[in-house]
Amino acid sequence: MSQATNQPVFDVIVSGAGLVGASVALGLADRGFKIALIEPTEPKHSPLPSHDERTLVLNAASLNVLDNLNLLADDLIRVPVRHIHINRQGGFGHLHLHARDHADLIGADTDPEAPYFGQVVVARALGQCMLDRLKNHTNITLFCPQSLTRFIDENHRVQVTLDDGHTLQGRILVGADGNQSPIREQLGLMIEAHDYDQRAMVFNVAAERPMPETAFERFTPHGPLALLPQANGRYGVVWIDQSQRADEAMGWSDDVLMAALHDRFGPRLGAFTQPSPRASYPLIKQHSPQVVSGRVVLVGNAANAVHPVSAQGFNLGLRDVAGLIDALSFLTSDDEDAVAKLGELGDDRLDQALLNYQRTRADDQRATIRYTDTLARAFAHPASFVRLMGGLGLAAHAASSSLTRRLVRAAMGFREPVASLAKKHTARGTHHGHV
Ligand SMILES: Cc1cc2nc3c(=O)[nH]c(=O)nc-3n(C[C@H](O)[C@H](O)[C@H](O)COP(=O)(O)OP(=O)(O)OC[C@H]3O[C@@H](n4cnc5c(N)ncnc54)[C@H](O)[C@@H]3O)c2cc1C
């Protein structure tokens with residue numbers, strides 16, 4: 001990435017080039033906005049914090065957003081999930097879901113001939129697609145390696161100071177700076193937070209008898225274990241455990257880990273071999289009810305962080321991206337007259353657009369956090385697990401009820417109001433946008 005030296009005025013300054021920050025920067029830049037993108041980690045030296053080996057399950061709405069942003073490169077490996085097996089170690093209660101049984105609900109949004117629940121990608125590979133596009137985008141100036149240290153939001157302008165002392169001017173500041181968001185900190189926004197005292201250990205393995213296109217979620221007395229299908233018979237493993245036990249597991253030899261995985265998962269996929277290096281993440285819930293303050297907007301994990309048990313975090317962040325692009329769409333037009341009228345529209349309209357973004361995203365953010373938190377807590381308690389499995393089983397067999405249809409639509413990322421980028425076949429193209 002190059003380092004810019006002058007101090008131009010940008011339409012939008014995005015702080016953080018993680019998966020969400022990079023997506024919003026590219027989406028707005030494609031629509032003609034002049035973007036400054038700030039990121040402390042230089043990818044040449046080490047991968048960006050979330051561009052790692054973690055396996056992401058993307059739902060249909062997210063796939064639409066990424067497709068509409070031209071971020072699903074032809075060489076990006078995506079493995080469809082057509083079957084989901086959920087069960088509990090050493091206990092009763094299991095559920096097998098097959099996408100074809102729900103074709104009427106999900107076929108049209110995925111593949112009518114062979115529907116799927118979602119697709120699995122490796123975060124590093126998706127991040128690389130984003131970096132490749134960022135580097136060459138004429139509307140994006142990258143400030144990397146640089147950090148935002150503070151900002152001033154005054155008179156409809158935001159001034160940002162970088163750690164080398166340079167300042168940047170913009171009309172909107174987007175905080176995509178992750179769980180610890182320095183921007184949210186500076187704003188002093190109230191957050192609802194919970195520390196699960198759990199860590200997710202992430203690695204991938206080869207399985208002796210892989211089951212194609214099948215994802216497994218197994219609930220153990222220590223915490224949930226997910227195996228997500230990757231290419232070449234490998235699985236991305238998300239091993240969740242109480243923090244101290246997870247720290248100990250990080251120190252195990254590969255042989256001990258493979259034996260423990262087999263023990264926890266059971267014999268269904270045969271022996272596990274060829275483990276990748278491991279990474280470990282603390283698990284928290286964080287919800288910021290207010291995500292807009294003046295000209296500053298929080299998106300992705302800076303606004304909401306969820307437990308990975310439901311694979312929703314990035315999916316939720318991508319819906320923020322789509323929602324923000326929708327909110328600012330009144331500024332994008334190929335019609336030069338419309339662009340010229342912007343001066344007459346004045347700044348109030350932009351302030352209203354940002355508040356509108358906050359309003360339209362609130363229900364989805366709150367509901368996704370509540371749903372994920374319920375799952376995370378239920379799976380820690382055997383009795384709740386059995387109740388939940390009963391509920392899920394009933395739901396699976398009652399796919400025609402309107403409640404179930406709404407639930408499935410929500411899991412696929414289509415909770416109303418659905419942003420235009422989250423719909424299939426959004427018209428693409430480069431527009432001219434100005435703030
Ligand atoms: C084990 C695990 C499994 C997961 N599985 C799934 C899944 O299957 N599906 C799913 O949808 N989600 C999943 N998630 C969640 C998903 O990974 C996150 O929601 C997503 O990566 C968040 O992206 P982000 O860009 O908002 O934040 P981050 O990835 O945290 O990016 C923040 C960026 O901001 C930068 N930054 C920090 N401070 C500054 C500063 N001062 N100035 C400028 N930049 C700064 C950081 O360097 C970083 O690059 C999983 C998470 C975990 C931990």
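This text follows the structure it describes.
The structure contained in this document is the topic of the report that follows. (Residues numbered from 1 in each chain as written. Predicted model: local features only at pLDDT ≥ 70, side-chain atom pairs only at ≥ 80, totals over all residues.)

Points about the overall build of the chain
- If you tally the helices and strands in the chain, you get twelve helices and 22 strands.
- Here the chain holds 435 residues, and 46% of them are scored as buried.
- Restricting to contacts in the chain with at least 6 residues of sequence separation, those with at least 24 account for 75%. (Helix = DSSP H or I, 4+ residues; strand = E, 2+ residues; numbered from the N terminus. Buried ≥ 20, exposed ≤ 12 C-beta atoms within 10 Å, placed from the backbone. Contact = placed C-beta atoms within 7 Å.)

Regarding the nonpolar core
- Counting residues in each nonpolar core, the largest one holds 117 residues, and the members touching the most others are Ile 13, Val 24, Ala 25, Ile 35, Leu 37, Val 297 and Val 299.
- Here this core takes eight residues from helix H1 (residues 19–30), the largest share from any one element.
- Filtering out sequence-adjacent residues up to four positions away, Ile 35 remains in contact with Phe 10, Asp 11, Val 12, Val 14, Ala 25, Leu 28, Ala 29, Asn 139 and Ile 140. (Core = buried A, V, L, I, M, F, W, Y, C linked by C-beta atoms within 7 Å.)

A word on helix H4 (residues 123–135)
- The end-to-end C-alpha distance of H4, which contains 13 residues, comes to 18 Å, matching closely the 18 Å that a straight helix rising 1.5 Å per residue would cover.
- Residues of H4 that are buried include every one of Ala 123, Leu 126, Gly 127, Cys 129, Met 130 and Leu 134, and no others. Across the axial projection of H4, the buried residues extend over an arc of 150°, all falling on one side. Opposite the packed face of H4, turned more than 90 degrees from it, sit the exposed residues Asp 132 and Lys 135. (Expected span 1.5 Å × (residues − 1). Arc of directions from axis to C-beta.)

Thoughts on the site of the ligand
- Of all residues adjacent to the ligand, which total 36 residues, the nearest are Gly 16, Gly 18, Gly 178, Gly 300 and Gly 313.
- Contributing elements (two or more residues each) for the shell around the ligand: H1, strand S3 (55–58), strand S12 (192–207) and helix H8 (313–327).
- Here the shell around the ligand is built from residues that sort into 19 nonpolar, 14 polar and three charged. (Near = placed C-beta within 6 Å. Nonpolar A, V, L, I, M, F, W, Y, C, P; charged D, E, K, R; others polar.)

As for the packing of H8 against helix H10 (residues 348–378)
- The geometry of H8 relative to H10 is characterised by a closest axis approach of 9 Å and an angle of 160° between their N-to-C directions. The pairing of H8 with H10 is recorded here as roughly antiparallel in orientation. When you trace H8 past H10, the crossing you get is right-handed. Here H8 contributes Leu 316, Arg 319, Asp 320, Gly 323, Leu 324 and Ala 327 to the contact with H10, which in turn contributes Ala 353, Leu 354, Asn 356, Tyr 357, Thr 360, Arg 361, Asp 364, Gln 365 and Thr 368.
- For the contact of H8 with H10, the residue count by class is six nonpolar, five polar and four charged. (Axes fitted to C-alpha atoms, helices over the stretch in contact; angles between N-to-C directions. Parallel < 35°, antiparallel > 145°, perpendicular 65-115°, else oblique. Left-handed = near helix turned anticlockwise from the far one by under 90°.)

Let's talk about the pairing of strand S17 (residues 279–287)
- In the sheet, S12 pairs with S17 via eight bridges, with the strands oriented antiparallel. Its bridge partner lying in S17, Met 201 is registered against Ser 280.
- Alignment of S17 against strand S20 (residues 304–305), held across two bridges, turns out to be antiparallel. Bridge pairing in S20 links Gln 286 to Ala 305. (Pairing = 2+ DSSP bridges.)

Examining the pairing of strand S11 (residues 167–175)
- When you tally the buried positions in S11, you get seven out of nine residues, the bulk of the element.
- Bridge count for strand S1 (residues 9–15) against S11 is six bridges, and the pairing is parallel. Following the sheet pairing, Val 14 is matched in S11 by Val 174.
- The sheet contact formed by strand S10 (residues 157–162) and S11 spans four bridges and is antiparallel. Among the inter-strand pairings, Val 160 is bridged to a residue of S11, identified as Leu 168.
- Between S10 and S11, which follow one another and run antiparallel, lie four residues, and Gly 165 among them has a positive phi close to 95°.
- Judged from the three bridges that link them, S11 and strand S19 (residues 296–298) form a sheet pairing that is parallel. In the sheet register, Val 174 faces S19, and the bridge partner there is Val 297.

Things to note about the environment of Gly 313
- Structurally, Gly 313 is set in helix H8.
- C-alpha of Gly 313 to C-alpha of Asn 301: the two residues are twelve residues apart in sequence and 7.3 Å apart in space.
- Residues in contact with Gly 313, not counting those within four places in the same chain, are Asn 301, Ala 305, Val 306 and Pro 308.

Brief notes about the packing of H1 against H8
- Axis separation between H1 and H8 bottoms out at 10 Å; the angle between their running directions is 25°. When the interaxial angle is binned, H1 and H8 end up roughly parallel. Taken as a pair, H1 and H8 cross one another with a handedness that is right-handed. Across the interface between the two elements, Leu 19, Val 20, Ser 23, Val 24, Gly 27 and Leu 28 from H1 touch Phe 314, Gly 317, Leu 318, Asp 320, Val 321, Leu 324 and Ile 325 from H8.
- Across the contact of H1 with H8, the residue classes tally to nine nonpolar, three polar and one charged.

Comments concerning helix H2 (residues 60–68)
- H2 sits mainly inside the fold: eight of its nine residues count as buried.
- Taken together, the buried positions of H2 are Ala 60, Ala 61, Ser 62, Leu 63, Asn 64, Val 65, Leu 66 and Asn 68.
- Residue Asn 70 follows H2 closely and has a positive phi angle near 60°.

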